[in-house]
Amino acid sequence: MSNTSQCRVCGGSVDEFFDFGRQPLSDAFLPLDADFEKEFFFRLAVGLCQECTMVQLMEEVPRDRMFHEEYPYVSSGSAYMREHFEGLAKRLLSTELTAEDPFVVELGCNDGVMLKAMAEAGVRHLGVEPSGGVADLAAAKGVRVRKSFFEESAAREIEAEDGRADVIYAANTLCHIPYMQSILAGVRALLKPTGVFVFEDPYLGDIVERSSFDQIYDEHFFFFTARSVQRMAELNGLELVDVERLTVHGGEVRYTLAPAGRRTPSDAVAELLRTERENKLAELATLQGFGASVLKIREDLVALLTRLREEGRTVVGYGATAKSATVTNLCGITPELVSFVCDTTPAKQGRLTPGTHIPVRTPEDFSATYPDYALLFAWNHAEEIMAKEQAFREAGGRWILYVPDVRIV
Ligand code: DWN
Ligand code: SAH
Ligand code: ZN
């Protein structure tokens, strides 16, 4: 067990700042008759690169263990996220995709939540998606999908077949990919000189500010900042030309990269870089402070759930998120403390949560007999979920939140 590793962006030395211990695959929901002895675990720990300041996992999980035929997450499960991606598609159509016969490529298109709008607009597009089940859902919506991982070799094949792209887009996908050099070489090979690479991912600034430690799990390998992305771009012949803060998934940044020297960076880039410097975001002491907040949340959450059990209250989890694997496994939350988790995803229902083996049930099971408390694992969708679960509150139910701190609302 080593507490330094080599940076996957620049080769520098990465200093570990927090160890979550033994963790399972966050999206590996187990059938009831699974052989628990065979469950896969790895050491989940995060560190900061001394050179380029990229925050990253200390250990990589092999990609085929995570992204395969049975990958359960479907992006269209949230009405709010559907609107978010439709809005982005509309914007790209009226800005970057106005030339004749434009071509847009999406990495990790999942069930086609964004590309559906491109298909409907009759725009030439391609989704690159290694998880077969969700790729099929995209194809069923009329989206053109290539079932493979994006990497340099795939990019060269796409370029040979379809030509270069005006836009390469990736939402909540680039941060999942440790082999960054291959990705960016692929982007360079596939992008027109006038094109842009746009990607959005959870922002380290928001994770630290809100202590949203559950953004850290097997699939999330990198935690970007304007500073680390700017350096990563520079090292690969690209340039960070725009940033935009987003409120989705608990706070993200949408980064725009262009081939180096092609576009003038917006003021927003300099402004976000300045904020990061002022907040000392890329400093080990700040990240160690974040680690201390995580331990406090664990202590408070375990104390609350233990007290509620002693008082005979019922607690159910809401949203069998990938994020919740980190929370339940770090805190030791088993069915004794949270009797089941409800979730709308058919592929998760009737199974057990990874590592902690809490049964996953349907939202109907939640409303059949409301519990006293619902632990909101899908806190990033709080507004949407609380609005549709008004009746739970009216029946006297209360929500438990754990970021930025443990509280009942
Ligand atoms: O980065 C990733 C993001 C985009 O999606 C992936 N690595 C994996 C996944 O992470 P997650 O599972 O933490 O994402 P969500 O969007 O927070 O998951 C919400 C879960 O809650 C889904 O399983 C669907 C469910 N849900 C529900 O039961 N009722 C969601 C909504 C909005 C609802 O009303
Ligand atoms: N873009 C969607 C899906 C995010 S989940 C959204 O924002 O909701 C991450 C997705 O990335 C998964 O569907 C996974 O299969 C895909 N993925 C992982 N590695 C990839 C790679 N190398 N190339 C393309 N997609 C990848
Ligand atoms: Zn580095």
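Remember, it's a predicted structure, so these values are computed and weren't measured experimentally.

What counts as what
Residues numbered from 1 in each chain as written. Chains lettered and ligands numbered in written order. Predicted model: local features only at pLDDT ≥ 70, side-chain atom pairs only at ≥ 80, totals over all residues. Heavy atoms only, no water. Donors = N, O, S within 2.8 Å, 3.2 Å for Na, K, Ca; no water. Tetrahedral: all angles 85-135°; square planar, octahedral: opposite > 155°, others 65-115°. Buried < 20%, exposed > 50% of the residue type's maximum accessible area, 1.4 Å probe, protein only. Axes fitted to C-alpha atoms, helices over the stretch in contact; angles between N-to-C directions. Helix = DSSP H or I, 4+ residues; strand = E, 2+ residues; numbered from the N terminus. Parallel < 35°, antiparallel > 145°, perpendicular 65-115°, else oblique. Contact = heavy atoms within 4.5 Å. Nonpolar A, V, L, I, M, F, W, Y, C, P; charged D, E, K, R; others polar. Near = heavy atom within 4 Å. Polar contact = N/O pair within 3.5 Å; in protein donor to acceptor, adjacent residues only side chain to side chain. Areas by Shrake-Rupley, 256 points an atom, 1.4 Å probe, with all protein chains shown as cover. Salt bridge = Lys/Arg side-chain N within 4 Å of Asp/Glu carboxyl O. Pairing = 2+ DSSP bridges. Right-handed = clockwise from strand over helix to strand, strands pointing away. Phe/Tyr/Trp six-rings, centres within 6.5 Å; stacked < 30°, edge-to-face > 60°. Lys NZ or Arg CZ within 6 Å of the ring centre and 35° of its normal. Core = buried A, V, L, I, M, F, W, Y, C linked by side-chain atoms within 4.5 Å.

(A) Here's a closer look at the coordination of the zinc ion (ligand 3). Here the zinc ion (ligand 3) is held by Cys7 (SG), Cys10 (SG), Cys49 (SG) and Cys52 (SG), and the distances to it run 2.2 to 2.4 Å. If you look at the zinc ion (ligand 3), its 4 donor atoms make angles of 100 to 115° with each other, and the shape they trace is tetrahedral. All donor residues of the zinc ion (ligand 3) come from one chain, and their arrangement in sequence is C-x2-C-x38-C-x2-C. Residue Cys49 shares its accessibility class with Cys52, and that shared class is buried.

(B) Structural detail: the packing of helix α10 (residues 284-310) against helix α11 (residues 323-331). α11 packs onto α10 with a crossing angle of 70° between their chain directions and a minimal axis gap of 10 Å. Judged by the angle between their axes, α10 and α11 are roughly perpendicular. Only Val327, Leu330 and Cys331 of α11 make contact with α10, whose side of the interface consists of Val294, Arg298, Leu301 and Val302. Looking at the contact of α10 with α11 residue by residue, the class counts come to 6 nonpolar, no polar and 1 charged.

(C) Summary view of the site of ligand 2. Around ligand 2 there are 19 residues in total, and Ser75, Gly108, Glu129, Ser131 and Asn172 lie nearest to it. Thr173 places a polar side-chain atom, nitrogen or oxygen, 3.4 Å from an oxygen atom of ligand 2. Tyr179 is positioned with one of its side-chain polar atoms (N or O) 2.9 Å from a nitrogen atom of ligand 2. For ligand 2, whose free accessible area comes to 570 Å², the fraction covered by protein is 98%. Here the residues of the shell around ligand 2 are counted per class, giving 11 nonpolar, 7 polar and 1 charged.

(D) Summary view of the pattern of salt bridges. Using the criterion set out here, one finds 27 salt bridges in the structure. Asp35 is the salt-bridge partner of Lys38, the closest N and O atoms lying 3.6 Å from each other. For Lys38, a relative accessible area of 69% gives the class exposed. Given the relative accessible area of 41%, Asp35 is considered partly exposed. One salt bridge in this structure joins Asp206 and Arg245, with 3.1 Å as the shortest N-O distance. Separated by 39 residues along the polypeptide, Asp206 in helix α7 (residues 204-210) and Arg245 in strand β11 (residues 238-246) bring together distant segments of the chain.

(E) Examining the pairing of strand β6 (residues 124-128) more closely. Of all 5 residues that make up β6, 4 are buried, and the element is covered over most of its length. As paired elements, strand β5 (residues 103-107) and β6 share 5 bridges and run parallel to each other. Paired with Phe103 across the bridge in β6 is Arg124. In terms of handedness, the path from β5 via helix α3 (residues 115-120) over to β6 forms a crossover that is right-handed. Pairing analysis gives 2 bridges linking β6 to strand β7 (residues 145-146), with the strands arranged parallel. When the bridges of β7 are listed, Val128 appears paired with Arg146. In this region the chain leaves β6, passes through helix α4 (residues 132-140) and returns to the parallel neighbour β7; the handedness of that crossover is right-handed.

(F) Representation of the packing of aromatic side chains within the structure. Inspection of the entire model under this criterion finds 17 aromatic pairs. For the ring pair Tyr370 and Phe392, a centre distance of 5.5 Å and an interplane angle of 55° mean the geometry is tilted. Placement of Tyr370 in the loop between α12 (363-368) and β16 (373-376) and of Phe392 in helix α14 (residues 390-394) is noted, with a sequence separation of 22 residues between them. A relative accessible area of 0% means that Phe392 is categorised as buried. One aromatic cluster in this structure is built from Phe197, Phe199, Phe221, Phe222, Phe224 and Tyr255. The side chain of Arg22 reaches across the aromatic face of Phe41, ending 3.8 Å from its centre. Taking the ring centre of Phe149 as reference, the NZ or CZ of Arg63 above it sits at 4.0 Å.

(G) View of the site of ligand 1. The environment of ligand 1 is formed by 25 residues, the closest being His176, Glu219, Lys323, Asp343 and Lys388. For ligand 1, an oxygen atom lies 2.9 Å from a polar atom in the side chain of Tyr73. Protein contacts shield 96% of the accessible area of ligand 1, which totals 710 Å² for the unbound molecule. With 3 residues, helix α13 (residues 382-388) is the single largest residue contributor to the shell around ligand 1. For the shell around ligand 1, a count of residues per class yields 7 nonpolar, 11 polar and 7 charged.

(H) Examining the nonpolar core more closely. Phe197, Phe199, Phe213, Phe224, Leu301 and Tyr402 are the most contacted members of the largest nonpolar core, which totals 111 residues. Element by element, the count of residues in this core is highest for α10, at 8 residues. Residues in contact with Phe213, not counting those within four places in the same chain, are Phe20, Phe290, Val294, Ile297, Thr326, Val327, Leu330, Tyr402 and Val403. In this structure, Leu97, Val113, Val167 and Val196 belong to the second largest nonpolar core, which totals 25 residues.

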